[in-house]
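Inside the fold
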Amino acid sequence: MDFTLPESALAVQRGIGDICSRYDLGYWQRCENDKRWPEEVWDELAKGGWLGLAVPEEHGGGGQGLLELAVATETLSASGAAGGSAFTYVLTPGFGALTIDRHGSAPQRSELLPRLATGEVETCFALTEPDAGSNSLAITTSARRDGGDFVVNGQKIWITGVQRATWMLLVTRTVPAAEARPRSHGLTVLLVNVPEAVAAGRLSYRPIPKMGANTTPSNMVFIDDLRVPASHVIGEVDQGVAVLWDILNPERVLLAASALGTAEVALRVAVDYAKDREVFGRPIGANQAISFPLAQVKAKIELARLMIYKAAWCFDRRLPCGTEANIAKLTASQAAWEAADAAFQTHGGMAYSHEYPVARLLTDARIAKVAPVTEELLLNYLATQVLGLPRSF
């Protein structure tokens, strides 16, 4: 057993850390305030080849895996981007490159992977629906075969990054949920050309006003008689659940890494303030009421990091990783919330001021407890699937 990160992951830490060192907390706060994509950082990541980490070398990428992507996401988040802005890294390297590499056809791989590696092409992922919520198998967006095409109708919600995406990975029902046996049968993942669909008037979207993470807008998406060529199926028709798990497990790992970075930056901000702020003639960090919660956060950060790296390690070796990914997401989101809350308490009333980044970190940390899957569902999985306890439904 070796807990040393491979040189490939250490190189990611150094390379992305070097880029991020040029952008302070104020930069990320301005991006959030202006609801602006962090173009400068994105361009540097693209020019440095960091967007193509998971793209095979023969397609112009780095040939690395989920572990390196997790380290990249954590490094970006911990630099000051925090969870809301670090999500920019999940959309294309995670949803796009990993999925196309594992499940794309030869033409899809040769066409898309080189362009994903450079950032020329960006992707988004569309699963969640207003009525289905976290019950992904109950989605109703339908894809009906018509000759060489599928005709798609439906609605999605909380779809992040549509505005910039060239391609959407769209999860549809080719067999209605009520008829599917088992219930996971009949899912099909389609590649949708977003600009073409919008121009044809068959896909539209409406941004959702939200309390944070505004560098990456989230949207309601409406699909009306959209024709998608059958050649745009990812994986196999009706067998999309296999593709879906290879999207959802990496998503959990990468968003856990994003939450971990949020926890790290919140802890760093809190510790710095606790060292500098003096009340009653001494730094407030000398008080155990301040120092002990921060020490607890540090312990939980390190525990979450171990599980994130283990989950990524399992995925890269094509080992079962659902339990590890769920535990990683659960523990990292809890660490992020506790870190942000401790940072708020450490700053006292000044945490309420935008002079400090605590409010942004608090909103970023809070969303991690419910998205992309709630803590309750993660716990339910562990209770029923891991511990074998009876199901409640």
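Since the structure is predicted, the reported quantities are computational estimates derived from the model, not experimental observations.

Concerning the packing of aromatic side chains
Under the defined criterion, the tally for this structure stands at 7 aromatic pairs. Aromatic side chains phenylalanine 95 and phenylalanine 125 sit 5.1 Å apart centroid to centroid with 45° between the ring planes, which places their arrangement in the tilted category. Of this pair, phenylalanine 95 sits in helix α5 (residues 88-103) while phenylalanine 125 sits in strand β1 (residues 123-126); the two residues are 30 residues apart in sequence, bridging distant segments of the chain. Overall, phenylalanine 95 belongs to the buried group, its relative accessible area being 5%. Overall, phenylalanine 125 belongs to the buried group, its relative accessible area being 8%. Ring plane angle 85° and centroid distance 6.2 Å describe the contact between phenylalanine 344 and tyrosine 352, whose orientation is recorded as edge-to-face. For phenylalanine 344, a relative accessible area of 22% corresponds to the partly exposed category. Here the guanidinium or amino end of arginine 102 rests over the ring plane of phenylalanine 315, the centre of that ring lying 3.8 Å away. A cation over an aromatic ring shows up here: arginine 366 above the ring of tryptophan 337, its NZ or CZ 5.6 Å from the ring centre.

Comments concerning the pairing of strand β4 (residues 167-173)
Burial runs high along β4: 7 of the 7 residues are buried. Going residue by residue along β4, you find Trp167, Leu169, Val171 and Arg173 tucked away on one face and Met168, Leu170 and Thr172 tucked away on the opposite face as well. Strand direction decides the pairing type here: β1 and β4, joined by 4 bridges, are parallel. Along β4, the bridge assignment pairs alanine 126 with leucine 170. Across 7 bridges, the pairing between β4 and strand β5 (residues 187-193) is antiparallel. Following the sheet pairing, threonine 172 is matched in β5 by threonine 188.

Conventions and cut-offs
Residues numbered from 1 in each chain as written. Predicted model: local features only at pLDDT ≥ 70, side-chain atom pairs only at ≥ 80, totals over all residues. Heavy atoms only, no water. Phe/Tyr/Trp six-rings, centres within 6.5 Å; stacked < 30°, edge-to-face > 60°. Helix = DSSP H or I, 4+ residues; strand = E, 2+ residues; numbered from the N terminus. Buried < 20%, exposed > 50% of the residue type's maximum accessible area, 1.4 Å probe, protein only. Lys NZ or Arg CZ within 6 Å of the ring centre and 35° of its normal. Pairing = 2+ DSSP bridges.

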